Amino acid sequence: MTALRAVFWDVDGTLADTEMEGHRPAFNQAFRDLGLPFHWNKELYSELLSIAGGIPRVAIYAKDQGISLTEHQLNRLRDVKREHYFSRVREGHVRWRTGVVRLVNELHNHDVQQWIVTSSGGPSVQALLHQAKGVLPDFDGVVTSDDVARGKPSSDGYCLALKRSGVDSSCGIAIEDSAVGLKAATAAGLPCVLTPSPWDRDLVDRCHLATAVLNHLGDQNNPSLLQQGPPCLDGMVTLNYMESLLSHSRP
């Protein structure tokens, strides 16, 4: 089998369930603080998640509501929202997805590089990683929206991470949960393991682009359910399984 040299992790909805109980309430509190007439319930927020990046999401939504926000207002909103998000992370509202802690540690123990590639900003990612101390090992690198001109579905983030890692895409795998993330990863030439977020409606027509689709990564007492791809006999995505996917994804 082809040796796996690097895994590239998305954050929101992939590493952790950050969206509904992390970012969404933080945005709503920031809207209240700044007197903006917006409130995002779960149904609305699930629709807005097709727009990558929090501040672009706000700007587009506001324009659709007939409100044009200035750059100063958007920057202020970003700062206020981040503080509320940091508080929710510290308070334990954001939880790791099933199998993440097990797999990150397994890959680390086998010297597989692990990188974060996300459309979130650097401070939000660092807040989450700070809470991971003692639970997850350090990642080899982080590429956020602050590092590239275009976020997902552009492949810019993944291409930059590949360049910095020194790993060829044929020896790496991305782990994603969304349609925009899947498009970004595959455009960079990376096979993609998909653990779909339930609110991403655009995924239905794009899952075939993934090398494997599972409801989550699986743990010993909570096996994953394979929806597409080669058999995952252990009910857990492991290093061995991911290396088998590399061989499977070859033309």
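As a reminder, the structure under discussion sits directly above these lines.
Notes on the structure follow. Everything quoted here is computed from the prediction, not taken from an experiment. (Residues numbered from 1 in each chain as written. Predicted model: local features only at pLDDT ≥ 70, side-chain atom pairs only at ≥ 80, totals over all residues. Heavy atoms only, no water.)

## Observations concerning the nonpolar core
Ranked by internal contacts, the top residues of the largest apolar core, which has 37 residues, are Leu4 and Trp9. At the level of secondary structure, the elements contributing two or more residues to this core comprise strand S1 (6-9), helix H4 (71-90), helix H5 (100-109), helix H6 (122-131), strand S4 (172-176), strand S6 (212-214) and helix H9 (239-249). Apart from the residues lying within four places of it in its own chain, the contact partners of Leu4 are Leu107, Val112, Cys171, Gly172, Ile173, Leu239, Met242, Glu243 and Leu246. Within the second largest apolar cluster, 25 residues are counted, among which are Leu160, Leu162, Leu194 and Ala210. (Core = buried A, V, L, I, M, F, W, Y, C linked by side-chain atoms within 4.5 Å. Buried < 20%, exposed > 50% of the residue type's maximum accessible area, 1.4 Å probe, protein only. Helix = DSSP H or I, 4+ residues; strand = E, 2+ residues; numbered from the N terminus. Contact = heavy atoms within 4.5 Å.)

## Focus: the side chain of Ser197
Mapped onto the fold, Ser197 is located in the loop between strand S5 (192-194) and S6. Assessed through its relative accessible area of 4%, Ser197 is described here as buried. If sequence neighbours within four positions are ignored, Ser197 has contacts with Gly13, Asp177 and Leu203.

## Structural notes on the pattern of salt bridges
Enumeration over the complete set of coordinates arrives at eight salt bridges. A salt bridge links Arg150 to Asp156, with the nearest nitrogen and oxygen atoms 3.0 Å apart. Connected via shared salt-bridge partners are Asp10, Lys152 and Glu176. (Salt bridge = Lys/Arg side-chain N within 4 Å of Asp/Glu carboxyl O.)

## Side note on unusual backbone geometry
Pro153 follows Lys152 through a cis peptide bond whose omega is 15 degrees. Take Pro153: it is sitting in the loop between strand S3 (141-143) and helix H7 (156-165). The backbone of Asp111 sits at a positive phi, close to 60 degrees, despite the residue not being glycine. Residue position: Asp111 is located in the loop between H5 and strand S2 (113-117).

In short, geometric facts, not functional conclusions.
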